[in-house]
Amino acid sequence: MSPLPELNLSFGMNTKSSSSDDEKENIVVRTDSGFRKHTISMIISDQEVGKVLLKINKKEIEVPTYKLTITDDKTNETEAYQVTRDTLHFVKSTTKKSFLSFLGIKRFDKTSFLYENIAYEPLHESVEKFDISRHRSLTQDKLSYQLSRNGQNIMLYSGDMNEFKKAENISQYFIIVDNNEGKSFIGDIVYREKFLKLTPKVGLQIIRRNKVAKSFEYDEKGNIKRLIYL
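All values reported here derive from a predicted model rather than from experimental measurement.

Novice: When you look at the packing of aromatic side chains in this model, what are you seeing that I'm missing?
Specialist: Working definition: an aromatic ring pair is given by the centre-to-centre distance plus the angle between the planes. In this structure the tally under the stated criterion is nine aromatic pairs. Taken together, a centroid distance of 5.3 Å and an interplanar angle of 85° make the contact between Tyr81 and Phe185 edge-to-face. Here Tyr81, found in strand 5 (residues 79-84), pairs with Phe185, found in helix 1 (residues 183-196); they are 104 residues apart in sequence, far enough to count as distant. The pair formed by Tyr81 and Phe185 is uniform in burial state, with each residue classed as buried. Geometrically, the ring pair formed by Tyr120 and Phe174 is edge-to-face, given 6.4 Å between the ring centres and 75° between the ring planes. With Tyr120 in the loop between strand 7 (110-117) and strand 8 (127-131) and Phe174 in strand 12 (residues 172-177), this residue pair connects regions lying 54 residues apart in the sequence. Like Tyr120, the residue Phe174 is buried in the burial classification. Positioned over the ring face of Tyr66 is Arg85, at 5.8 Å from the centre of the ring.

Encoded structure:
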């Protein structure tokens, strides 16, 4: 059963005459002025706050994370999380041989791994806004929202990062990081939805970054060696 909507109730005064002409009583009548629907607001910022290890092409690599804030217009409670903004695809590996390699000693050779970055960024404005209320998928341990632009399908995902697999129809993705396999963020959303009663609108804002790396180069341990912007 769907939860009952929250009504925005107001008080009106209605004067009713009694049977006696000398007496009058005021009766307060509660009238319904309409449904009130609340909004959950999320902002993906351009503020880098850390790094997280993601498994891409069977290799764990460092990916920068950015600040994500969530609030709603009823509780006004604000929580902060981390979120990835870069969608990386393995391109190639390159091995730089040491002078000992010619003697058959390979342990001093250095291999680097190149990943192409196809990141989602606002095109025309510094901030892009989406209503993602209707494109939500929730299971016991996963929550995802989907948004679209110009034929691109983008996913906002919360859950176990090791179990995340990009679907064929998804071109870019954001992965929420909360150090609890997504459960803290999912619990936050579910709590707000229940508190707001009527299924709320969910608004997402994405702030454009000033500089976005075109490629990431990694060492053998998955650490970022350099970012390539050209």
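There is more to say after this.
Novice: What is the right way to read the side chain of Thr111 from this model?
Specialist: Within the fold, Thr111 resides in strand 7. Polar contacts involving the side chain of Thr111 include one to the side chain of Thr95, which spans 2.9 Å. If near-sequence neighbours (up to four positions away) are discounted, Thr111 is found in contact with Ser93, Thr94, Thr95, Tyr218, Asp219 and Glu220.

Novice: Mind showing me how you'd approach the side chain of Asp72 here?
Specialist: Within the secondary structure, Asp72 sits in strand 4 (residues 59-72). Note on Asp72: relative accessible area 3%, which makes it buried. In this structure the side chain of Asp72 is engaged in a polar contact, spanning 2.6 Å, whose partner is the side chain of Arg192. Discounting residues that sit within four places of it in the chain, Asp72 has contacts with Thr39, Ile40, Glu77, Arg192 and Leu196.

Novice: What is the right way to read the environment of Glu128 from this model?
Specialist: Residue placement: Glu128 occurs in strand 8. Along the chain, Glu128 and Ile43 lie 85 residues apart, while their C-alpha atoms are 10.0 Å from each other. Engagement of the side chain of Glu128 in a polar contact is seen with the side chain of Tyr120, the distance being 3.1 Å.

Novice: For this particular structure, what's the right way to read the sheet that holds strand 15 (residues 224-228)?
Specialist: For sheets, the rule is that strands pair by backbone hydrogen bonds, running either parallel or antiparallel. Read across the sheet, four strands follow the order 6-7-14-15 without closing on themselves; strand pairing throughout is antiparallel. Two strands bound the open sheet, and with one partner strand each, they are strand 6 (88-96) and strand 15. Strand-to-strand twist across the sheet, computed as the mean angle between neighbouring axes with direction ignored, equals 20°. Pairing of strand 14 (residues 215-218) with strand 15, which is carried by four bridges, proceeds in the antiparallel orientation.

Novice: Would you take a moment to explain the nonpolar core for this structure?
Specialist: Generally speaking, soluble globular proteins have nonpolar side chains that are buried together. Ranked by size, the top nonpolar core spans 25 residues in total, and within it Met42 and Phe185 carry the most contacts. Counting residues per element, the ones that place at least two in this core are strand 3 (39-56), strand 4, strand 5, strand 10 (143-149), strand 11 (152-158), strand 12, helix 1 and strand 13 (201-207). Sort the elements by how many residues they give to this core and helix 1 lands first, with four residues. Grouped together as the second largest cluster of nonpolar side chains are 18 residues, Phe113, Met155, Val177 and Ala213 included.

Novice: Would you explain the confidence of the model for the protein in this entry?
Specialist: Detailed reading of the predicted coordinates is not advisable wherever pLDDT is low. Averaged over all residues, the pLDDT of the protein equals 83, while 79% of them reach at least 70. Counting contacts from residues 1-34, a segment whose pLDDT is below 50, to residues more than four positions away or on other chains yields 46 contacts.

Novice: Help me understand the pattern of salt bridges in this model?
Specialist: Note on pairing: side chains with opposite charge can pair once their charged atoms come close. Under the defined criterion, the tally for this structure stands at 11 salt bridges. The partner of Arg85 in a salt bridge is Glu121, and the shortest N-O contact between them spans 3.0 Å. Of the two residues, Arg85 sits in the loop between strand 5 and strand 6 while Glu121 sits in the loop between strand 7 and strand 8, which places them 36 residues apart along the sequence. Residue classification places Arg85 among the buried positions, given a relative accessible area of 0%.

Novice: Just to check I follow, could you spell out the sheet that holds strand 4 for this structure?
Specialist: As summarised here, the arrangement of the nine strands in space is 8-13-3-4-5-12-11-10-9, forming an open sheet in which the pairing is mixed. Each of the sheet's edge strands pairs with one partner strand only, and the pair in question is strand 8 and strand 9 (136-138). Averaged over neighbouring strand pairs, the angle between their axes works out to 25° when direction is ignored. Alignment of strand 8 against strand 13, held across five bridges, turns out to be antiparallel. Bridge pairing in strand 13 places Lys129 opposite Gln205. Where helix 1 meets the sheet, its contacts fall on strand 3, strand 4, strand 5, strand 9, strand 10, strand 11 and strand 12, and the angle it forms with strand 4 comes to roughly 20°.

Criteria and cut-off values
Residues numbered from 1 in each chain as written. Predicted model: local features only at pLDDT ≥ 70, side-chain atom pairs only at ≥ 80, totals over all residues. Heavy atoms only, no water. Phe/Tyr/Trp six-rings, centres within 6.5 Å; stacked < 30°, edge-to-face > 60°. Helix = DSSP H or I, 4+ residues; strand = E, 2+ residues; numbered from the N terminus. Buried < 20%, exposed > 50% of the residue type's maximum accessible area, 1.4 Å probe, protein only. Lys NZ or Arg CZ within 6 Å of the ring centre and 35° of its normal. Polar contact = N/O pair within 3.5 Å; in protein donor to acceptor, adjacent residues only side chain to side chain. Contact = heavy atoms within 4.5 Å. Pairing = 2+ DSSP bridges. Axes fitted to C-alpha atoms, helices over the stretch in contact; angles between N-to-C directions. Core = buried A, V, L, I, M, F, W, Y, C linked by side-chain atoms within 4.5 Å. pLDDT = per-residue confidence, 0-100. Salt bridge = Lys/Arg side-chain N within 4 Å of Asp/Glu carboxyl O.

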